[in-house]
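Inside the fold
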Amino acid sequence: MSGTTKSPWIMHYDASSCNGCDIEVLACLTPVYDVERFGVINTGDPKQADIFLITGAVNDQNKEVVKQLYDQMPEPKVVVAVGICACSGGIFRDCYNIIGGVDKIIPVDVYVPGCAARPEAIIDGVVKGLDVLEKKRLKLREKEGKK
Amino acid sequence: MGKRTIVPFGPQHPALPEPVHLDLELEDETVVRAIPSIGYVHRGLEKLAEKRDYNDMIYVMERVCGICSFGHGWGYAGAVEGLMSVQIPDRAECLRIMFHELSRVHSHLLWLGLLADGLGFDSLFMHCWRIRERVLDVFEAITGGRVVMSFCKVGGVRKDLTPEMLKMVKDTCDMIEDEMRKTGLVFMKDTSVRNRLCGTGVLSREDIIDLSAVGPVARGSGVNNDVRSANPMYRDLGFSPVLYDDGDCWSRCMVRVDEIMQSLDMIRNAVRDLPDGDVSVPVKGNAPVGDYVFRVEQPRGEGFYYVQGNGSKFLSRARVRTPTNINIPAMTRMLQGCNLQDVSMLVITIDPCISCTER
Ligand code: SF4
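Here's what I pulled together on the structure shown here. (Residues numbered from 1 in each chain as written. Chains lettered and ligands numbered in written order. Predicted model: local features only at pLDDT ≥ 70, side-chain atom pairs only at ≥ 80, totals over all residues. Heavy atoms only, no water.)

**A few points about the interface of chain B and chain A**
- The interface of chain B with chain A comprises 38 residues on the first partner and 36 residues on the second.
- Interface of chain B and chain A: buried area, both sides summed, is about 3,300 Å²; carbon and sulfur atoms make up 62% of it.
- Our count for the chain B to chain A interface comes out at three salt bridges.
- With a closest N to O distance of 2.3 Å, A:Arg118 and B:Glu140 form a salt bridge.
- At the junction of chain B with chain A, the criterion picks out 11 residue pairs in polar contact (both at pLDDT 80 or more).
- Listed by contribution, the elements that provide at least two residues to the side of chain B that touches chain A are α1 (57-62), α3 (90-119) and α4 (122-143) of chain B. (Contact = heavy atoms within 4.5 Å. Buried area = accessible area lost by both parts, 1.4 Å probe. Salt bridge = Lys/Arg side-chain N within 4 Å of Asp/Glu carboxyl O. Polar contact = N/O pair within 3.5 Å; in protein donor to acceptor, adjacent residues only side chain to side chain. Helix = DSSP H or I, 4+ residues; strand = E, 2+ residues; numbered from the N terminus.)

Okay, structure coming up:
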């Protein structure tokens with residue numbers, strides 16, 4: 001399992017963001033930032049993902065989707081909230097259909113603020129997420145060892 | 001008759017970065033009907049006009065969508081200026097056009113990349129996005145923001161450009177044009193691309209008029225509804241609508257390729273002919289009772305901005321009707337009778353911006 005910390009697979013979901021952060025997440029894949037050279041792959045399948053990148057504040061309709069995607073991911077998993085919307089609701093927090101930050105729905109491990117969050121910051125957030133992932137993995141091992 | 005099945009598409013799907021859900025009714029592998037359901041990105045921005053005064057509301061409006069964010073800012077500012085009877089300086093108008101066209105270039109390049117990705121042509125996707133980053137570099141150098149720039153404000157633009165910045169804009173245009181000459185050819189000539197695009201997802205002229213589709217989708221079927229033709233400054237900068245007649249995916253693609261080239265020309269003309277003077281006028285006081293409508297040609301089509309004042313600093317309504325919103329019926333018509341494998345590509349050809357649609 002230690003391989004996952006070397007080449008993490010990422011799943012990205014847009015929970016009512018303005019798109020600004022989404023395209024920055026995609027921009028990480030361009031030749032300019034090129035995260036694929038580190039083995040980071042953007043996958044659409046929650047069952048293969050290690051890191052859940054989530055942008056935008058959650059709204060009433062997609063909170064179930066977010067929960068479901070999170071539940072489908074195998075342990076250990078890390079959630080990275082990208083953009084100020086995902087962190088706290090940001091400029092949208094007063095909107096009638098917005099619940100608030102992603103942490104109201106699922107536990108968040110890394111917060112990447114910014115509006116829009118820059119690709120460098122997003123990559124940084126993913127790298128931070130890797131540390132958390134490693135810790136979670138060790139914990140999981142210990143638990144299994146004790147059994 | 002084959003067996004009927006219903007295949008859910010989305011809301012989370014690798015082909016689309018944004019959540020939209022389609023129920024695809026299939027007969028064998030042919031789509032008989034596609035039923036869209038939206039609401040996954042709805043935030044309720046229009047209501048915020050009651051809580052933010054009209055000068056601050058522009059920050060919210062810019063976040064209707066992060067891709068055409070400049071255009072939304074312009075549309076809202078234009079509507080408020082109309083309501084308040086403010087005339088903005090020519091230099092500000094010209095700078096707005098320059099920025100809007102730069103946004104169009106990056107938005108179309110982004111779309112070309114997504115289309116290539118939908119085709120499974122990854123290297124082409126990379127090339128389009130590599131070129132696109134040049135535009136973002138210009139934005140970052142001038143405004144400090146890459147996607148959401150806050151450059152537009154009610155009454156003009158926030159800052160003037162120095163001669164060095166103008167030179168950077170022009171150099172970037174030259175560079176992009178150079179690269180687009182090669183990359184555009186791939187979309188135009190490459191057999192594997194043409195095989196997928198030519199003749200798929202055909203919308204006739206009548207369909208377009210029936211369903212009132214807008215933007216490159218309409219222009220790919222030979223219907224001209226480009227709002228830019230109504231703006232005299234655009235005409236001076238050398239604007240003429242780009243039209244293709246076939247109505248298939250390839251036409252829609254070529255409209256966008258040609259529009260990139262034309263926008264680059266217009267930006268260079270704007271740099272050359274930039275009028276002197278101020279870049280903004282102060283806008284103060286309460287908004288009068290009344291309403292105003294302003295239209296902007298977004299990269300995806302006509303954007304429609306409506307504001308209603310009630311004599312206070314807060315507007316009673318700020319309404320946006322965005323291009324994707326109006327293009328969704330065209331998309332469902334296009335999907336009828338297509339092959340399952342083409343669904344994601346067809347959805348991409350209307351350049352869906354769900355964030356705009358649902359606000
Ligand atoms: S943080 Fe800003 S750019 Fe990102 S989704 Fe929210 S409003 Fe858009």
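**Details of the site of the ligand**
- All residues adjacent to the ligand are A:Ser17, A:Cys18, A:Gly20, A:Cys21, A:Gly83, A:Ile84, A:Cys85, A:Phe92, A:Gly114, A:Cys115, A:Ala116 and B:Arg63.
- Proximal residues around the ligand fall on chains A and B, making this an inter-chain site.
- Where the shell around the ligand is concerned, the elements lending two or more residues are α1 (20-27) and α3 (84-88) of chain A.
- Of the residues in the shell around the ligand, the class split is seven nonpolar, four polar and one charged. (Near = heavy atom within 4 Å. Nonpolar A, V, L, I, M, F, W, Y, C, P; charged D, E, K, R; others polar.)

**Quick word on the sheet that holds strand β6 (residues 290-298) of chain B**
All names here are of chain B.
- Taken together, the three strands give an open sheet; going across it, the order is β6-β7-β8, and neighbouring strands pair in antiparallel fashion. Looking at which strands have only one partner, the edges of the open sheet turn out to be β6 and β8 (317-321). Going from strand to strand, the sheet's axes swing by 15 degrees on average, the running direction of each strand aside.
- Pairing geometry for strand β7 (residues 301-309) and β8, over five bridges, is antiparallel. Each residue of the ladder has a partner; that of Val307, found in β8, is Ala318. (Pairing = 2+ DSSP bridges. Axes fitted to C-alpha atoms, helices over the stretch in contact; angles between N-to-C directions.)

**What to know about the nonpolar core**
- Of all hydrophobic cores here, the largest spans 144 residues; its most connected members are B:Tyr76, B:Met98, B:Leu112, B:Leu161, B:Leu197, B:Leu315 and B:Leu335.
- Here this core gets 15 residues from one element, more than from any other, and that element is α3(B).
- Grouped together as the second largest cluster of nonpolar side chains are 23 residues, A:Ala49, A:Leu69, B:Tyr40 and B:Ile354 included. (Core = buried A, V, L, I, M, F, W, Y, C linked by side-chain atoms within 4.5 Å. Buried < 20%, exposed > 50% of the residue type's maximum accessible area, 1.4 Å probe, protein only.)

**Concerning the environment of B:Ser103**
Residue and element names in this part refer to chain B.
- Looking at the secondary structure, you find Ser103 in helix α3.
- You can call Ser103 buried: its relative accessible area is 2%.
- C-alpha separation for the pair Ser103 and Val147, spaced 44 residues apart in sequence, amounts to 9.1 Å.
- Contacts of Ser103, omitting those with residues within four sequence positions, involve Phe70, Phe139 and Met149.

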